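Now for the letters of each chain:
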Amino acid sequence: MSTVTPMFKVTMAEDGKVLYTPPYQDAAKLIDVWLESQKDYSNIPAISGIVVKDQQTLWSGAFGNANLEKSIDYKVDTIGSICSISKVFTATAVTKLVDEGKISWDTKIKDILPKYALKQLFPEGGAITVKSLLTHSSGAPRDTNHSYWSGPEHPFPTEKDFYSSLSKQSTVFAAGTDVRYSNVGFALAGQVIEQVTGQTYKQYMEQSVFKPLGMDDSYVSIPKNQLRLRRFTQPELPLSKLP
């Protein structure tokens, strides 16, 4: 099933009928077909997209199922995980703290996080800094030694387990000499946010980032009222786990 908001420039004829500008109509049909085919080709349960110009939604669409077992349609307002796109918001929050003068790009992570104990194998590169975390150039390993890639629960480590794993790991290159994707780096950036603000990551993101931007339907974790409304994708929480 699919739900689509047309990408048309709409005008009204004298008889009251809607007239569509052909180029926009053709583009909308092309997007519909392409996203539907991408869903099937990639063998994924659902896919959605949106086209925005000057803060105006020109087109939005959703295709597939949010829950295959229950045949629940995926809609444009279905809540789903954005996975590593969350790094954009973490970086935004850290940049906000830098702009406010609470930290600097060159602040050393070991000076912010008292529990930080990653073994530095390349001291010639200097200490890991706020900037090197956000640019994936810190030398931090990609991941901790946890199984959060394992579905369907994807168990993430607690803060205690995160630091415990990190204390047994080492840097993989000298800071600033290479660029390698690091989930650990952004987990540390999240810890920086908590340490500097005195708030949880969830509290700070929802109050200081989402709310000012009017992102009223964005969450760090899905609230119970949304769970009951079934407005979430199946991988986020199975229906059997509903309160």
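Residues numbered from 1 in each chain as written. Predicted model: local features only at pLDDT ≥ 70, side-chain atom pairs only at ≥ 80, totals over all residues. Heavy atoms only, no water.

Trainee: I would appreciate a short explanation of the environment of V98 in the present structure.
Mentor: If you trace the backbone, V98 turns up in helix 2 (residues 86–99). Sequence spacing of V98 and V130 is 32 residues, and the spatial spacing of their C-alpha atoms is 9.4 Å. Apart from the residues lying within four places of it in its own chain, the contact partners of V98 are I103, S104 and W105. (Helix = DSSP H or I, 4+ residues; strand = E, 2+ residues; numbered from the N terminus. Contact = heavy atoms within 4.5 Å.)

Trainee: So what exactly am I meant to see when it comes to the side chain of K87 here?
Mentor: Residue position: K87 is located in helix 2. Of note is the side chain of K87, whose polar atom sits 3.0 Å from the side chain of S84. Setting aside anything within four residues of it in sequence, one finds K87 in contact with H136, Y181, S182, N183 and F186. (Polar contact = N/O pair within 3.5 Å; in protein donor to acceptor, adjacent residues only side chain to side chain.)

Trainee: Help me out: how do you make sense of the pattern of salt bridges in this one?
Mentor: Under the criterion given, the structure shown has 8 salt bridges. Where K115 meets E159, a salt bridge forms, and the shortest distance between an N and an O atom there is 2.9 Å. Here K115, found in the loop between helix 3 (109–112) and helix 4 (130–134), pairs with E159, found in helix 5 (residues 159–166); they are 44 residues apart in sequence, far enough to count as distant. Judged by relative accessible area, which is 34%, E159 ranks as partly exposed. The partner of R180 in a salt bridge is D178, with the nearest N and O atoms 3.1 Å apart. On the basis of relative accessibility, which here comes to 42%, the residue R180 falls in the partly exposed class. (Salt bridge = Lys/Arg side-chain N within 4 Å of Asp/Glu carboxyl O. Buried < 20%, exposed > 50% of the residue type's maximum accessible area, 1.4 Å probe, protein only.)

Trainee: What am I meant to see in unusual backbone geometry here?
Mentor: For residues that are not glycine, phi is negative in most cases, and the peptide bond is trans in most cases. Of note, D54 is a non-glycine position whose phi angle comes to about 50°, a positive value. Note on placement: D54 falls in the loop between strand 4 (46–53) and strand 5 (56–67). D54 sits in the exposed class, given a relative accessible area of 69%. At C83, a residue that is not glycine, the phi angle is positive and equals roughly 50°. Along the chain, C83 falls in the loop between strand 6 (72–73) and helix 2. Among the residues examined, C83 registers a relative accessible area of 57% and is labelled exposed.

Trainee: When you look at helix 2 in this model, what are you seeing that I'm missing?
Mentor: Side chains of residues three or four places apart in an α-helix project in the same direction, reflecting 3.6 residues per turn. If you check helix 2, its first and last C-alpha atoms are 20 Å apart, about what 14 residues at 1.5 Å a residue would give, namely 20 Å. Every buried residue belonging to helix 2 is among K87, F89, T90, A91, A93, V94, L97 and V98, and all of these are buried. (Expected span 1.5 Å × (residues − 1).)

Trainee: Is there a simple way to think about the side chain of S132 in this case?
Mentor: Take S132: it is sitting in helix 4. Using a relative accessible area of 6% as the deciding quantity, one classes S132 as buried. In this structure S132 touches S137 and S138, once residues within four positions along its chain are discounted.

Trainee: I'm lost on the environment of L188 in this one. Help?
Mentor: With respect to the secondary-structure elements, L188 resides in helix 6 (residues 183–197). Taking the C-alpha atoms as reference points, L188 and L133, separated by 55 residues in sequence, lie 7.7 Å from one another. With sequence-adjacent residues up to four places away left out, L188 is seen in contact with L113, Y116, L133, F162, Y163 and L166.

Trainee: Looking at this structure, I do not really get the confidence of the model for the chain. What am I missing?
Mentor: Detailed reading of predicted coordinates is not advised where the pLDDT is low. For the chain, per-residue confidence averages 83 on the pLDDT scale, and residues scoring 70 or more make up 79% of the total. This model gives residues 15–20 a pLDDT under 50, and the stretch forms 13 contacts once residues within four places in sequence are excluded. In the model, residues 235–243 has pLDDT below 50 throughout and makes 19 contacts with residues more than four positions away in sequence or in other chains. (pLDDT = per-residue confidence, 0-100.)

Trainee: I keep staring at a nonpolar patch on the surface and nothing clicks. Help me out?
Mentor: On the surface, a cluster of nonpolar side chains totalling about 270 Å² of accessible area is made up of I82, I85 and V88. Following the sequence through the fold, V88 ends up in helix 2. (Patch = residues over 30% accessible without salt bridge, like charges linked within 9 Å, V, L, I, M, F, W, Y side chains within 5 Å. Areas by Shrake-Rupley, 256 points an atom, 1.4 Å probe, with all protein chains shown as cover.)

Trainee: I tried to follow helix 6 on my own but got confused; where do I start?
Mentor: Spanning 15 residues, helix 6 covers 21 Å between terminal C-alpha atoms, matching the ideal 21 Å at 1.5 Å per step. Buried residues along helix 6 sit in contact with helix 2, helix 3, helix 4, helix 5 and helix 7 (201–210). Positive phi shows up at G198, right after helix 6, with a value of about 75°.

Trainee: I keep staring at the pairing of strand 5 and nothing clicks. Help me out?
Mentor: The two faces of the sheet receive side chains in turn, since in a regular strand these alternate between them. With 10 of 12 residues buried, strand 5 lies mostly within the body of the structure. What sits between the antiparallel neighbours strand 4 and strand 5 is a turn of 2 residues, in which D54 has the positive phi angle 50°. Sheet topology places strand 5 next to strand 6; 2 bridges connect them, and they run antiparallel. Counted as the bridge partner of N67 is I72 from strand 6. Between the end of strand 5 and the start of strand 6, which pair antiparallel, lie 4 residues, with S71 showing a positive phi angle near 55°. (Pairing = 2+ DSSP bridges.)

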